[in-house]
Structures are given as C-alpha cells and as structure tokens.
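Spelled out from the first residue to the last, the chains are:
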Amino acid sequence: LEDINIPRDSFLNGRDANGRFQSANAVFPNDYNAMFDAWSGWAMSSKKDSVTAGFRNQYSARAGGGFDNSSNYAVAFGVENTLRFSGRVRLGGFYITNNTYAYYSMRNGDQFSKRFGGETGNDPDFLRLTIYKYLNGVRSADSVVFYLADYRFTNRAQDY
C-alpha cells in the first residue's frame, strides 16, 4: 500500500476516494457518508497510536503500524468487507490485527460495548473474522476463520 499517498500519521476514510482505494491490482471498496462524516468498507492509514482508547482512534492499528514497518496499511469497518483484485492473483498471505479502538473497547468496555468476558470474566465473547475466496464473482464454500479476540475458554488464562 506504499503507492497510496497518505500524509504521515493520518488517514484517508473515503472523503476523496470516489468509493474505493486502489494499490497495484488490489481494490478496496469504500463508502463515505459526508452528512455524518462516516465511512464503511476500507480506509487507508499511516497512524501509529497504539495506546489511546476511544473511537476517535479508529484508524490506528493496535500493532502500532503496518507489517514490517510499512508506512501504510488498510483498516476495515463493517459487517462484510470485500477486497477485490482486478486480475487473478496468488495470495500468499497477509497480516491482520485489531485496530486500537476495538482492542481497548473489548479489553475495558466503553460507551458502546461491555468489556469482553463481562464482569466475572466468564462471558463467552469473541470477535471472529471469516475469510472467503471469490472466483468470477462466486463465493467459495471454503473459508478461513480467525479469532481477533476469544473469551470462550473455560480456563480464563487462555482468553485473549
């Protein structure tokens, strides 16, 4: 994503992106609502703040930046986000982390959500990512499931 021009320690949430961001042959759909200054889909970020809680820090990765000291990275928001490629690719992998806002919201609770695990730590909360492959617009039945947070363990020491 280094080919996307993002000022240092800032973000692009779609206000000027015409409904998408593109890096090489990867297309990141975006929906921006000017009336509410709200977005969904994908945003691009160069923010490094991994310690400030709250929704105003929704564009920062909890890891403190992109993989391998990359300046830029993508942030997703919404129930179902799609990353499209303009041609066939062999995707060898990718790296994913919670954003700083989600991390602290799950860890501590906030005005929008209770703390994961609840007051006793026994609530079976989780944040699950399911990844599907599409080919020619058809979704495969196969999927990869990855838990970004998981508090379903009987032994609370295993919760993350």
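Scroll up for the structure.
Residue numbers restart at each chain and count upward from 1, following the sequence in its written direction. Under the rules for a predicted model, residues below a pLDDT of 70 receive no local features and side-chain atom pairs below 80 are neither given nor counted, while totals for whole chains, interfaces and linings still include all residues. For side-chain calculations, the full set of non-hydrogen atoms in the structure is used, while hydrogens and water are omitted.

Turning our eyes to something else, we now look at the packing of aromatic side chains. Each Phe, Tyr or Trp ring, with Trp reduced to its six-membered ring, pairs with another whose centre is within 6.5 Å; inter-plane angles below 30 degrees give stacked pairs, above 60 give edge-to-face pairs, and intermediate values give tilted ones. If you walk through the whole model with that rule in mind, you get ten aromatic pairs. Between Trp39 and Tyr59, the aromatic rings sit 5.6 Å apart at their centres with planes inclined by 25°, giving stacked as the arrangement. With Trp39 in strand 4 (residues 38–45) and Tyr59 in the loop between strand 4 and strand 5 (73–77), the pair connects residues that are 20 residues apart, well separated along the chain. For the pair Trp39 and Tyr59, one class covers both residues: buried. Members of the aromatic cluster, each reached through a chain of ring pairs, are Phe11, Trp39, Tyr59 and Phe77. Placement of a positive charge over a ring is assigned whenever Lys NZ or Arg CZ falls within 6 Å of the ring centre and within 35 degrees of the normal to the ring plane. Against the face of Tyr103 rests Arg62, its NZ or CZ located 4.1 Å from the ring centre. Against the face of Tyr132 rests Arg139, its NZ or CZ located 3.7 Å from the ring centre. Numbered from the N terminus, helices here are DSSP runs of H or I no shorter than four residues, and strands are runs of E no shorter than two. Categorising residues by exposure relies on relative accessible area from a 1.4 Å probe, with only protein chains included: less than 20% of the type maximum marks a residue as buried, more than 50% marks it as exposed, and the intermediate range marks it as partly exposed.

Quick look at the pattern of salt bridges now. The salt bridge criterion pairs a side-chain nitrogen of Lys or Arg with a carboxyl oxygen of Asp or Glu, the two atoms within 4 Å. With the rule as written, the count across this model stands at five salt bridges. Here Asp123 and Lys114 are joined by a salt bridge, their closest N and O atoms 3.1 Å apart. Note on Lys114: relative accessible area 42%, which makes it partly exposed. In this structure, Asp150 engages Arg152 in a salt bridge whose closest nitrogen and oxygen atoms are separated by 2.8 Å. On the basis of relative accessibility, which here comes to 3%, the residue Asp150 falls in the buried class. Take Arg152: its relative accessible area is 40%, and that puts it in the partly exposed class. It is possible to trace a salt-bridge network through shared partners that takes in Lys114, Asp123 and Asp125.

This part takes up a nonpolar patch on the surface. Where nonpolar side chains cluster on the molecular surface, the patch consists of Leu83, Phe85, Val89, Leu91, Phe94, Ile96 and Phe146 and spans about 600 Å² of accessible area. Within the secondary structure layout, Leu83 lies in the loop between strand 5 and strand 6 (84–85). Note that patches include only residues with greater than 30% relative accessible area and no salt bridge, and the join distances are 9 Å for like charges and 5 Å for nonpolar side chains (Val, Leu, Ile, Met, Phe, Trp, Tyr). Accessible surface area values rest on a Shrake-Rupley calculation with a 1.4 Å probe, where residue burial reflects the displayed protein chains alone.

Quick look at the environment of Arg128 now. Residue position: Arg128 is located in strand 7 (residues 126–135). Of the residues examined, Arg128 reaches a relative accessible area of 45% and is grouped as partly exposed. Once the C-alpha coordinates of Arg128 and Val145 are considered, the two residues, 17 residues apart in sequence, prove to be 6.9 Å apart. We call two residues contacting when some pair of their heavy atoms lies within 4.5 Å. The residues contacting Arg128, other than those within four sequence positions of it, are Val145, Phe146 and Tyr147.

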